[in-house]
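Close look at the chain arrangement
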Amino acid sequence: MVHYQDVENIVTLLDDRMEAGISRIKLHVEDTVAEGKTLETYHHGRCDVGSAWAKGTCDEF
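An account of the accompanying structure is given in this report. (Residues numbered from 1 in each chain as written. Predicted model: local features only at pLDDT ≥ 70, side-chain atom pairs only at ≥ 80, totals over all residues. Heavy atoms only, no water.)

Moving on to the overall build of the protein. Each helix and strand counted, the protein has two helices and zero strands in total. Burial analysis of the protein (61 residues in total) assigns 2% to the buried set. Of the roughly 6100 Å² that the protein leaves accessible, carbon and sulfur atoms contribute 52%. (Helix = DSSP H or I, 4+ residues; strand = E, 2+ residues; numbered from the N terminus. Buried < 20%, exposed > 50% of the residue type's maximum accessible area, 1.4 Å probe, protein only. Areas by Shrake-Rupley, 256 points an atom, 1.4 Å probe, with all protein chains shown as cover.)

This is how it looks when you write it as structure tokens:
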């Protein structure tokens, strides 16, 4: 069940990140993560976070 305060917390989190200059955000909410815990991953460029291109491990060429 979704609670109003949970939605407000997510909106606040996103607003704070945008005000800090973060322009691209991928949000993944998971029930198995401890309440109040967040994880941020930063990468250079526009490739997908965690992809072989982002990690520099692509051996295509």
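For the rest of this paragraph, the subject is helix α1 (residues 4-19). The terminal C-alpha atoms of α1, which comprises 16 residues, lie 23 Å apart, in line with the 22 Å expected from a rise of 1.5 Å per residue. Two residues or fewer after α1 comes Gly-21, characterised by a positive phi angle close to 100°. (Expected span 1.5 Å × (residues − 1).)

The residue Ile-10 is located in helix α1 in this model. Using a relative accessible area of 30% as the deciding quantity, one classes Ile-10 as partly exposed. Residues in contact with Ile-10, not counting those within four places in the same chain, are Leu-27 and Val-29. (Contact = heavy atoms within 4.5 Å.)

Its place among the elements puts Thr-38 in the loop between α1 and α2 (52-55). Separated by 10 residues in the primary sequence, Thr-38 and His-28 place their C-alpha atoms 9.8 Å from one another.

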